[in-house]
Amino acid sequence: MRFPNPFSAQFQFLAQTSRRRTPFCSNGGSKSSLEMLLVWKQFFSSCREEPEELKDFSDYLDSLTNYEKSGVPKDAGTDSDDGLDLGRMRRLMARLGDPQSKFKVVHIAGTKGKGSTAAFVSNILRAQGYSVGCYTSPHIMTIRERMTVGKSGDPVASESLNRLFHKIKGQLDEAIQLENGRLTHFEILTATAFALFAEEKSDIAVIEAGLGGARDATNILSSSELAASVITTIGEEHLDALGGSLESIAMAKAGIIKLSVPTVLGGPFVPHIEQILRDRASLMYSPVVSASDAGTRSSIKGLRMFDCRPYQVNDVVIQAQGDILLSLELSDINLQMLGKHQLQNAVTAACTILCLRNQGWQVSDKSIMSGLENTRLLGRSQFLSSKEAGALGLHGATILVDGAHTKESAKSLMETIQMAFPDAELAFVVAMARDKNHVAFAKEILSARRLAAVFLTEAEIGGGKSRTTSAEWLRDQWLQACEEVGTKSVQEIVPEEHHPTCSSAMRESMESSTHLAAEKSLAVAVQAAGAILKRRTSAGKKRSSVVVITGSLHAVSSVLRSVQ
């Protein structure tokens, strides 16, 4: 399908060569050599190890197969002979005393929105006074983020996690030996989370599936242990690992639906995909609640600024008339999580809570409101503070970091930016894993109204480089996307500093066009993005400007670590 050309000016491609890096930061955005070295030092020192108390646990996990680093094998998430072996996970849990049976669980799967929905559900329950364990992935700053505990929702303390690890290490060692070393990083981490929540005497746990659902390590829960199954969205991510089609992905995620346990569908879904989910629910005698049915209405009323941070004002009305009758009406909800997609995640979470309330859990409308409003996640539509921007050497810049890495999440990101900064000049810094649809992602970003620059860069994925996409490969994918959206020409330009005969007309063209460049260093790419925006806004344009760092939560993690 051909897309209309969203740009009035031609794209300009700046070739990546060492002699051309300095001009990226020229004309009002230059930095001294010492300052640039300090920025590089910040980024290179950003991959800090976990605290000393967690060294034994971290080393133990690092000794295991980690698919976040290496990539998931083909069809590993499908309910087939090639799928991951849930039997070894069940044997491990039995060896630990089946801690997952000590509390009720809300199990959440989906292509996008799992982590946000899990955070919303957890915070609502905590607002009511429940002690909640929440398990999500990946983490941004520390592995402790994957396990939040108690009524506060803080990440598990290093000392507590270290103590638990040494308590169960003997059983873990035995299990790994009996399974011939096949237990993975994620399986051991998942088992540890269940053991932690049992030890902390959690009232309820909210568990995010890692990959798919049917063969995910979290899917060892029986019907009696589940309070609700939630499927947020279905999209084309991890295609090879989940069977190669949207239908096979839906079937894999439907594997978390259990006998007689309510199923909450987020959506909206393509009709035949929703039917796959509903057919599975029907087979399992599972009542279905849809957060996208006709009785559910939600709207964004606008944005408010508080403490230099945007809040999204929303109304939500839920009048479910399906398998379970649910009712809720909330006005003027101030969400810190921005965008239509986050509002949909909030509605999905609210529907989940209403299902729990239908089962006897005491949760007031006030707690639902409070939990939604107090939810904030690192790396999801997160604006850096002025101090953090300064730490990156971009004093006074508006910087947005978001872990979008699919076509759908890129579209949501662009909608959020359009809502918050409709007239802003934009410069993107993008680093992605190699197993993503780079062209589809790029097309969404290229729809921006005022796109000053895109810098394609690199970041370690899961702490390793095996899944990292090179900046040059990303550049080629984006050039392909430029052709497919109808860009008439892509040309290499030589900045004035290296081509004195460059005409004033050419310089003017450079200032009005979109620059596309490959730059291996994330630090330099961020600096270059800020410099281009500063040069444009200092050239007489009064528009606001935003540096957007995206493409991977791992890239976002590198940036956030560097400003601490």
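So, how was this worked out
- Residues numbered from 1 in each chain as written.
- Predicted model: local features only at pLDDT ≥ 70, side-chain atom pairs only at ≥ 80, totals over all residues.
- Heavy atoms only, no water.
- Helix = DSSP H or I, 4+ residues; strand = E, 2+ residues; numbered from the N terminus.
- Expected span 1.5 Å × (residues − 1).
- Bend = angle between axes of the 7 residues up to and from the residue.
- Buried < 20%, exposed > 50% of the residue type's maximum accessible area, 1.4 Å probe, protein only.
- Disulfide = S-S within 2.5 Å.
- Arc of directions from axis to C-beta.
- Contact = heavy atoms within 4.5 Å.
- Pairing = 2+ DSSP bridges.
- Axes fitted to C-alpha atoms, helices over the stretch in contact; angles between N-to-C directions.
- Salt bridge = Lys/Arg side-chain N within 4 Å of Asp/Glu carboxyl O.
- Phe/Tyr/Trp six-rings, centres within 6.5 Å; stacked < 30°, edge-to-face > 60°.
- Patch = residues over 30% accessible without salt bridge, like charges linked within 9 Å, V, L, I, M, F, W, Y side chains within 5 Å.
- Areas by Shrake-Rupley, 256 points an atom, 1.4 Å probe, with all protein chains shown as cover.
- Lys, Arg positive; Asp, Glu negative; His and termini not counted.
- Charge placed at Lys NZ, Arg CZ, Asp CG, Glu CD.
- Parallel < 35°, antiparallel > 145°, perpendicular 65-115°, else oblique.
- Left-handed = near helix turned anticlockwise from the far one by under 90°.
- Nonpolar A, V, L, I, M, F, W, Y, C, P; charged D, E, K, R; others polar.
- pLDDT = per-residue confidence, 0-100.

Draft legend 1. Helix α6 (residues 158-178), seen in detail. Compared with the 30 Å implied by 1.5 Å per residue over 21 residues, the 29 Å span of α6 between its first and last C-alpha is a close match. Where α6 bends most, at Ile 168, the angle is about 50 degrees. Residues of α6 that are buried include every one of Ser 158, Ser 160, Leu 161, Asn 162, Leu 164, Phe 165, Ile 168, Leu 172, Ala 175 and Ile 176, and no others. Asn 180 occupies a position one or two residues after α6 and carries a positive phi of about 55 degrees.

Draft legend 2. Here's a closer look at the state of the cysteines. This model, assessed by the stated rule, comprises zero disulfides. Here Cys 351 is not disulfide-linked; the sulfur of Cys 355 is the nearest cysteine sulfur, at 7.1 Å. Given a relative accessible area of 1%, Cys 355 falls into the buried group.

Draft legend 3. The arrangement of unusual backbone geometry in detail. Residues Ser 137 and Pro 138 are joined by a peptide bond in cis, for which omega reads -5 degrees. Among the secondary structure elements, Pro 138 is positioned in the loop between β3 (132-135) and β4 (147-149). At the junction of Gly 267 and Pro 268, the peptide bond is cis and its omega measures out at 0 degrees in the coordinates. Among the structural elements, Pro 268 can be located in the loop between β8 (263-265) and α9 (271-283). Even without a glycine there, the phi angle at Lys 201 is positive, about 55 degrees. Within the secondary structure, Lys 201 sits in the loop between α7 (185-199) and β6 (204-208). At Ser 260, a residue that is not glycine, the phi angle is positive and equals roughly 65 degrees. With respect to the helices and strands, the residue Ser 260 is situated in the loop between α8 (246-253) and β8.

Draft legend 4. Structural context of helix α2 (residues 55-62). Along α2, the positions that sit buried rather than exposed are Phe 57, Ser 58, Tyr 60 and Leu 61. Down the axis of α2, the sector holding all buried residues measures 160 degrees, keeping them to one side. Contacts from the buried residues of α2 go to α6 and α7.

Draft legend 5. Layout of the sheet that holds strand β10 (residues 296-306). Judged by pairing direction, the sheet is antiparallel, and its three strands sit side by side in the order β10-β11-β12 without closing on themselves. The open sheet has two edge strands, β10 and β12 (325-335), and neither has a second partner. Neighbour-to-neighbour, the strand axes of this sheet turn through a mean angle of 10 degrees, independent of strand direction.

Draft legend 6. Structural detail: the sheet that holds strand β7 (residues 226-231). In space, the eight strands of this open sheet follow the order β5-β4-β3-β6-β2-β7-β8-β9, with mixed pairing throughout. What marks the edges here is a single partner per strand, and that holds for β5 (154-155) and β9 (288-290). As judged from the four bridges shared by β3 and β6, these two strands associate in the parallel manner. Bridging across to β6, Cys 134 finds its partner in Val 206. Helix-sheet contacts for helix α5 (residues 114-127) involve β2 (104-109), β3, β4 and β6, and the interaxial angle to β6 is about 170 degrees.

Draft legend 7. Here's a closer look at the pattern of salt bridges. Under the definition given, this model contains 24 salt bridges. A salt bridge links Arg 449 to Asp 423; its shortest N-O distance comes to 3.8 Å. Of this pair, Arg 449 sits in the loop between α14 (438-445) and β16 (451-456) while Asp 423 sits in the loop between α13 (407-420) and β15 (425-430), placing them 26 residues apart in sequence. Overall, Asp 423 belongs to the partly exposed group, its relative accessible area being 41%. A network of salt bridges, in which partner residues are shared, links Asp 85, Arg 91 and Glu 179.

Draft legend 8. The arrangement of the packing of aromatic side chains in detail. Under the counting rule described, the total for this entry stands at eight aromatic pairs. Taken together, the ring pairs in this structure connect Phe 57, Tyr 60 and Phe 165 into an aromatic cluster.

Draft legend 9. Representation of the environment of Thr 111. Within the secondary structure layout, Thr 111 lies in the loop between β2 and α5. On the basis of relative accessible area, Thr 111 is assigned to the buried category, the value being 7%. Spatially, the C-alpha atom of Thr 111 lies 7.7 Å from that of Glu 236, the residues being 125 residues apart in sequence. When sequence neighbours within four positions are dropped, the list of residues in contact with Thr 111 reads Thr 232, Thr 233, Ile 234, Gly 235, Glu 237, Ile 249 and Lys 253.

Draft legend 10. Up close: a negative patch on the surface. Negative charge collects at one region of the surface, where Glu 52, Glu 53, Asp 56 and Glu 159 lie side by side. Tracing the chain through its elements places Asp 56 in helix α2. By relative accessible area, Asp 56 is classed as partly exposed at 42%.

Draft legend 11. Highlighting the packing of α6 against α7. Their axes nearest at 10 Å, the elements α6 and α7 cross at an angle of 130 degrees. By the angle between their directions, the pair α6 and α7 is classed as oblique. The crossing of α6 and α7 is right-handed. Every residue of α7 that contacts α6 at Leu 161, Leu 164, Lys 167, Ile 168, Leu 172 and Ile 176 is listed here: Ile 188, Thr 192, Ala 195, Leu 196 and Glu 199. For the contact of α6 with α7, a count of residues per class yields eight nonpolar, one polar and two charged.

Draft legend 12. Main features of the confidence of the model for the chain. Of all residues in the chain, 85% have pLDDT values of 70 or greater, and the mean over the chain is 87. Long-range and interchain partners of residues 1-34, a stretch whose pLDDT sits below 50, account for 92 contacts in this model, where long-range means more than four residues apart. Note that residues 489-503 has pLDDT below 50 and, in this model, 31 contacts with residues that lie over four places away or in other chains.

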